Amino acid sequence: MSESSTSAADGPDQADSPFGDRLAFDLDVDICVVGAGLAGLTVAREAARLGASVAVLEGRQIGWNASGHHLGTVMPGFGLPMTEVIERVGLDDARELWALSKEGADYVRATATEDLIPGIKPSDGALEVSNVDVGEALIGRLQALGEDFATEVEGWQVDRVRSVLRTGRYFHGIYYPKAFQIDGRKYVHGLAALAMRAGVRIFEETPVVSIDFSGIRKRIVTPTARLRANHIVLAGNIHLGAPLKRLSDTLLPVWRYAALTEPLGERLAETIAFPGSVVDSHGIDHFRVVDGDRLLWASPETTWDARPKRLGGAVQRRIATVFPQLGKVPLAEMFGGAVGVTVHGMPQIGQLRRGLWVASGFGRQGLNTSALAGQLIARSILRGDDRWRLFSPFELVWAGGTTGRVAGHFVSLWTRGAASAAGVLARYREGARAKERLREARLAEANLRAGTRGPAARRPPPSAVRPARPPAPRQIEDGEAPYPDASQESERISDGRM
C-alpha cells in the first residue's frame, strides 16, 4: 500500500527547530548523509549505533518537506503492486523484498514508542478498501498475502466495511491488524533527536555546493565549510540541487495535499467508526480520525507546487462526495509536501559507485521503505550486508523532465477518472441488483396475499430433455429364441411378411 505524504501532526515549528546550526568549520567523518529526512536520519542513526562517525547535511530544516508531512500510516509493501514486482524479479526475490518491507515497519514500531518519542500516539489497524466490487479478486489477494508473503490480513465483506464506513462508495476491504499509525511530524523530529543521542552531528541550513566523488575520501563543499568522508549517502528528494541534478531528474515531483478539519463532534463518530487509517485501492483517498473527532484527509495531488490553502475547497468537496452526511466540513489547517516518484514505482536503494550510496524515490511508498533503506545502507557499509542488491533491477531511470511532469499529470487525471468511472458503474450495478431483488420480493408478497401461486418454474425446452439411453443388447444363449418377448406383429416384421 502506498502512503500519502502529508501531515497534520503537532510538532515544533520548522522555523524554531531545536537541532544543529549550519556547518561553519571543516570536518572529517566516516559517513556523510545528504538530506535530513526519514531515510537520511535512519541511515545516520543506525550507522552511529554501529560505531561510525556520521554528519548529516540538510539544506533547510529537518523534515521540512515530505518527511514531516505525512499521515503516519505504517504497513508492509511498496508503491508497486506485488504482482508486478513478481513479474520483474520472480517470486523468491519478491518474497525477500516483502520481508524487508516488514522489517522496515517493525523498525518504525520499535522506534515510535512513548518511551523514546513522547507524544507519538501509536494506534493499530489499517483498512484498504475498494471502490469496485472485487470479491473474487479479494480472495486471491488474501491468499497471496497470507501464503506467499506470510502477512496477517483479514478479508472484510461489503456489510462489514460499510458498518464502520457509512458510505455506499466502498465495497470489500483488506484489514491489516498489525499495521499502525503515528504522529508523523513528531516521528521525524524524534528520530533526529535519537540520532543525535547516538552521536550523529546534524547541520541545518547547509546546502551542498559540490561533491568530488573520486578517491577513497570524498570531498563535499558547502557555502561555509568543507567536509570529507569515506562514504556519502544521497538521501534527498527532488531538492538535491545542481550538484546532483542527474539524480533528481530520475524522480517525478508530485505534490500531495491534505487537510485537518475542525472538531466535528458526534457526527464524525456516526460516520466513521474505524479507528485506524483508511486508504482506497486506487490511492485516491487516504484518511483517518485524529484527536477523537477531527478528520485528517489527503486527496488532491499536482505535478506543480501550489499553495495548500487554494486546494482546501477540493478536499471539502471530496469529503462531501464520499460522506455526504458530513456536508461541507470546516477546515482548521491545510498541508502539502513534494515527493519524488520513480518511473518504475519502487524506491532507489543501493550503491551507485564505490563509497557513493542512494536512498531516495520514496514517493507513494510509505514510512516502512525509508526505514528499511536506512537499515540496509548502514549495515551494508559497516557489516557487509548486500541485500540492497535486491533493488538492483529497479535502476535509475530518467523521469522525462518537464515533458514527464505533463505526462504524469495527465496520467494521474486519467487514473483518477477511470477509478471514478469504475466506482460509478459498480454502484449502479449494485443498485440495479437491489431494485431487482425488491421487485421480486414485492411480487412474491402480492401473490401470497392474492392466494395465487407465483409464476411456474420454467420447463426446459424439448431440445434440453435428453432421451433415455436404450438398454444394452442381451447376450443370446445357445438354442434360445432371439426375441422371446417380442409380439407377433414384431415377429412378422422381422420375418419380412405383411
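Coordinates for the structure precede this section.
In this report, the structure presented in the accompanying data block is examined. (Residues numbered from 1 in each chain as written. Predicted model: local features only at pLDDT ≥ 70, side-chain atom pairs only at ≥ 80, totals over all residues. Heavy atoms only, no water.)

### Here's the deal with the overall build of the chain
Part 1 of the argument: From N to C terminus, the chain includes 12 helices and 17 strands.
Part 2 of the argument: Of all 498 residues assigned to the chain, the portion counted as buried reaches 49%.
Part 3 of the argument: At a minimum sequence separation of 6, the contacts of the chain that also span at least 24 residues come to 76%.
Part 4 of the argument: Only carbon and sulfur atoms are counted for the fraction: they give 52% of the accessible area of the chain, which is about 25000 Å². (Helix = DSSP H or I, 4+ residues; strand = E, 2+ residues; numbered from the N terminus. Buried < 20%, exposed > 50% of the residue type's maximum accessible area, 1.4 Å probe, protein only. Contact = heavy atoms within 4.5 Å. Areas by Shrake-Rupley, 256 points an atom, 1.4 Å probe, with all protein chains shown as cover.)

### Quick notes on the environment of T261
Part 1 of the argument: Within the secondary structure layout, T261 lies in strand β11 (residues 252-261).
Part 2 of the argument: Among all residues touching T261, those that are not within four sequence positions of it are R294, L295, V329, P330, L331 and A332.
Part 3 of the argument: In this structure the side chain of T261 is engaged in a polar contact, spanning 2.9 Å, whose partner is the backbone nitrogen of L295. (Polar contact = N/O pair within 3.5 Å; in protein donor to acceptor, adjacent residues only side chain to side chain.)

### A closer look at the packing of helix α1 (residues 38-49) against helix α6 (residues 184-197)
Part 1 of the argument: One way to put it is that α1 packs onto α6 with a least axis distance of 9 Å and a crossing angle of 25°. Between α1 and α6, the crossing angle belongs to the class labelled roughly parallel. Seen from above, α1 lies across α6 with left-handed handedness. Seen from α1, the contacting residues are L38, L41, T42 and R45; seen from α6, they are Y187, V188, L191, A192, L194 and A195.
Part 2 of the argument: Here the residues of the contact of α1 with α6 are counted per class, giving eight nonpolar, one polar and one charged. (Axes fitted to C-alpha atoms, helices over the stretch in contact; angles between N-to-C directions. Parallel < 35°, antiparallel > 145°, perpendicular 65-115°, else oblique. Left-handed = near helix turned anticlockwise from the far one by under 90°. Nonpolar A, V, L, I, M, F, W, Y, C, P; charged D, E, K, R; others polar.)

### A few points about the nonpolar core
Part 1 of the argument: V33, V54, L97, Y187, V233 and F391 are the most contacted members of the largest nonpolar core, which has 68 residues in total.
Part 2 of the argument: When residues of this core are assigned to their parent elements, the largest contribution, eight residues, is made by helix α10 (residues 367-383).
Part 3 of the argument: The residues contacting L97, other than those within four sequence positions of it, are F78, V85, V89, M346, L390, F391 and F394.
Part 4 of the argument: With 32 residues, the next largest nonpolar core counts F287, L295, W297 and I319 among its residues. (Core = buried A, V, L, I, M, F, W, Y, C linked by side-chain atoms within 4.5 Å.)

### Description of the packing of aromatic side chains
Part 1 of the argument: Summed over the entire model, instances satisfying the criterion amount to 10 aromatic pairs.
Part 2 of the argument: A ring pair is formed by F287 and F323, whose centres lie 5.8 Å apart and whose planes are at 90°; its orientation type is edge-to-face. Placement of F287 in strand β13 (residues 286-290) and of F323 in the loop between α9 (312-322) and β15 (331-341) is noted, with a sequence separation of 36 residues between them.
Part 3 of the argument: Given the relative accessible area of 1%, F287 is considered buried. (Phe/Tyr/Trp six-rings, centres within 6.5 Å; stacked < 30°, edge-to-face > 60°.)

### Considerations on the pattern of salt bridges
Part 1 of the argument: Enumeration according to the criterion identifies 14 salt bridges in this entry.
Part 2 of the argument: For D385, the salt bridge is made with R387, and the minimal N-O distance between the two is 3.0 Å.
Part 3 of the argument: When salt bridges that share partners are traced, they join D28, R217 and R228 into one network. (Salt bridge = Lys/Arg side-chain N within 4 Å of Asp/Glu carboxyl O.)

### Considering the side chain of T271
Part 1 of the argument: Mapped onto the elements, T271 comes out in helix α8 (residues 266-271).
Part 2 of the argument: On the basis of relative accessibility, which here comes to 2%, the residue T271 falls in the buried class.

### A look at helix α4 (residues 135-148)
Part 1 of the argument: The end-to-end C-alpha distance of α4, which contains 14 residues, comes to 20 Å, matching closely the 20 Å that a straight helix rising 1.5 Å per residue would cover.
Part 2 of the argument: Positioned one or two residues after α4, A150 has a phi angle of 50°, which is positive. (Expected span 1.5 Å × (residues − 1).)

### Section: unusual backbone geometry
Part 1 of the argument: Of note in the backbone geometry, E205 takes a positive phi value of approximately 50° without being a glycine.
Part 2 of the argument: Here E205 is to be found in the loop between β7 (201-203) and β8 (210-212).
Part 3 of the argument: Its relative accessible area of 33% is what places E205 among the partly exposed residues.
Part 4 of the argument: For R364, which is not a glycine, the phi torsion comes out positive at approximately 65°.
Part 5 of the argument: Within the element layout of this structure, R364 appears in the loop between β17 (356-360) and α10.

### Observations concerning the pairing of β13
Part 1 of the argument: Burial of β13 is extensive: five of the five residues sit out of reach of the surface.
Part 2 of the argument: Taking every second residue as pointing to the same face, both faces of β13 are buried, with H286, R288 and V290 on one and F287 and V289 on the other.
Part 3 of the argument: In this sheet, β13 lies alongside strand β12 (residues 277-280) in antiparallel orientation, the contact comprising two bridges. From the neighbouring strand, V279 faces β13, where its bridge partner is H286.
Part 4 of the argument: In textbook terms, the turn of a hairpin is the stretch between consecutive antiparallel strands, and for β12 and β13 this stretch comprises five residues, one of which, G283, has a positive phi near 70°.
Part 5 of the argument: Pairing analysis gives five bridges linking β13 to strand β14 (residues 294-302), with the strands arranged antiparallel. Bridge pairing in β14 links V290 to R294.
Part 6 of the argument: Linking β13 to β14, which pair antiparallel, is a turn of three residues; within it D291 sits at a positive phi near 55°. (Pairing = 2+ DSSP bridges.)

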